[in-house]
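Residue-level structural notes
Now for the letters of each chain:
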Amino acid sequence: MAGKAAAPGTAVLLVTANVGSLFDDPENLQKNWLREFYQVVHTHRPHFLALHCQEFGGKNYEASMSHVDKFVRELLSGDAMKEYNRARVYLDENYESQEHFTALGSFYFLHESLKNISQFDFKAKKYKKVTGKEIYSDTLESTPMLEKEKFPQDYFPECKWSRKGFIRTRWCLADCAFDLVNIHLFHDASNLVAWETSPSVYSGIRHKALGYVLDRIIDQRFEKASYFVFGDFNFRLDSKSVVETLCTKATMQTVRAADTNEVVKLIFRESDNDRKVMLQLEKKLFDYFNQEVFRDDNGTALLEFDKELSVFKDRLYELDISFPPSYPYSEDSSQGRQYMNTRCPAWCDRVLMSPSAKELILRSESEEKVVTYDHIGPSVCMGDHKPVFLAFRMAPGAGKRCQRHEGTPGETSLQHEEPRAPTAASTDPPERHC
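Computed from a prediction, not measured in an experiment: that's the story for all the values here.

Scoring rules and cut-offs
Residues numbered from 1 in each chain as written. Predicted model: local features only at pLDDT ≥ 70, side-chain atom pairs only at ≥ 80, totals over all residues. Heavy atoms only, no water. Axes fitted to C-alpha atoms, helices over the stretch in contact; angles between N-to-C directions. Helix = DSSP H or I, 4+ residues; strand = E, 2+ residues; numbered from the N terminus. Parallel < 35°, antiparallel > 145°, perpendicular 65-115°, else oblique. Left-handed = near helix turned anticlockwise from the far one by under 90°. Contact = heavy atoms within 4.5 Å. Nonpolar A, V, L, I, M, F, W, Y, C, P; charged D, E, K, R; others polar. Pairing = 2+ DSSP bridges. Buried < 20%, exposed > 50% of the residue type's maximum accessible area, 1.4 Å probe, protein only.

To continue, consider the packing of helix α2 (residues 26-44) against helix α3 (residues 65-77). Where α2 contacts α3, the axes come no closer than 12 Å and their chain directions differ by 20°. When the axes of α2 and α3 are compared, the pair comes out roughly parallel. In this structure, the crossing between α2 and α3 has a hand that is right-handed. Between α2 and α3, the contacting residues are Pro-26, Gln-30, Trp-33, Leu-34, Phe-37 and Tyr-38 on the first element and His-67, Phe-71, Glu-74 and Leu-75 on the second. Here the contact of α2 with α3 is composed, by residue class, of seven nonpolar, two polar and one charged.

Okay, the sheet that holds strand β14 (residues 277-282) next. As summarised here, the arrangement of the four strands in space is β12-β13-β14-β15, forming an open sheet in which the pairing is antiparallel. Both outer strands of the open sheet, β12 (250-256) and β15 (285-288), are each paired with one neighbouring strand and no more. Across this sheet, the average inter-strand angle for adjacent strands is 15°, counted without regard to direction. Bridging between β14 and β15 involves four bridges; their strand directions are antiparallel. Within β15, the position partnered with Glu-282 by the bridge is Leu-285.

Glancing now at the side chain of Ser-200. Structurally, Ser-200 is set in the loop between α4 (191-196) and α5 (201-217). Overall, the relative accessible area of 13% leaves Ser-200 in the buried class. Discounting chain neighbours no more than four positions away, the residues touching Ser-200 are Ala-194 and Arg-206.

Structure representation (structure tokens):
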């Protein structure tokens, strides 16, 4: 930034990352993941940084607790984050509660130059100034600074151990109120079932859950605010249309189980060319012979099959996608660009926003790439999901003004400087609330 005038507005970086793989293989994956994440932070130098994680702790949360603590400690006190002298971390660690556990982790970092930022207390219904570094975990249900819900079991009855849900926080920045929602929606349980109809039955389940969240955050309990919803939406391509397009000239062979006559595999072979197998489809197998179609030109040819967001076109906005599908990448630490053959690659990880939130994003003709929507670690193994981020400048005076908040009587204006070179980190350890 040196040598030119600073861009106007407040720099904001929103990141979503399904991090389950990092705790299943922490030795090989966490170091690379953090390095790539820090590089994006260094490039965009945000005043306000939000990191929304899903599947935090991995599949076996209890066994991964030591890796969880190390990961959190590194983010809060590592050299790369020295300039961020205030933080709020909300970790759902209550893994013994099937009724409430979501495995979500929401991290918020405030640059030392950012003044007069506050967070909303949903119980007291007023804003409170943010100071120090604090970690909230275990039973987040009693924390007034957020709202957390796990989706009802009947939303996805075939998955007994579902952790899907959302965490919502509200902030006042640049004299503007906005919600940040960390969300994890339901996956496709079977490729064969997803292939049967267009749109798939799983798409309908995700629509129901996302509609519930959107209704919840604009209900009458609190004053309405702009909102950003970012997380693992598990949006999938329209499977039936994708398969029909990829295998236009193929013939399909159906393989059934001998005992139940249930379809267990579909094999698509080229009509000529020695009947070469193009695609094999099973419950958890999507083995297409040419992965390059998902990577060429960032998978642009497949975007026409990315249809799930269209149902919410009047309620949610997204910048144009110019990065390849974010899932499912190989978890082999030596394979940074390879997809697994378990699912059809799709843009599961997204940063979405309300129409009013779109107006908060400052676009400047004099500044190149003031707004960036991209993925992290394109050539590095980041686990089975590539993190996705949105970097932008929040326009001064944009959006809905915050209510007067506690700790700054009569003062709601924002003051900040551009992030500088790293300074000495605070010696105060983060306060942990369990």
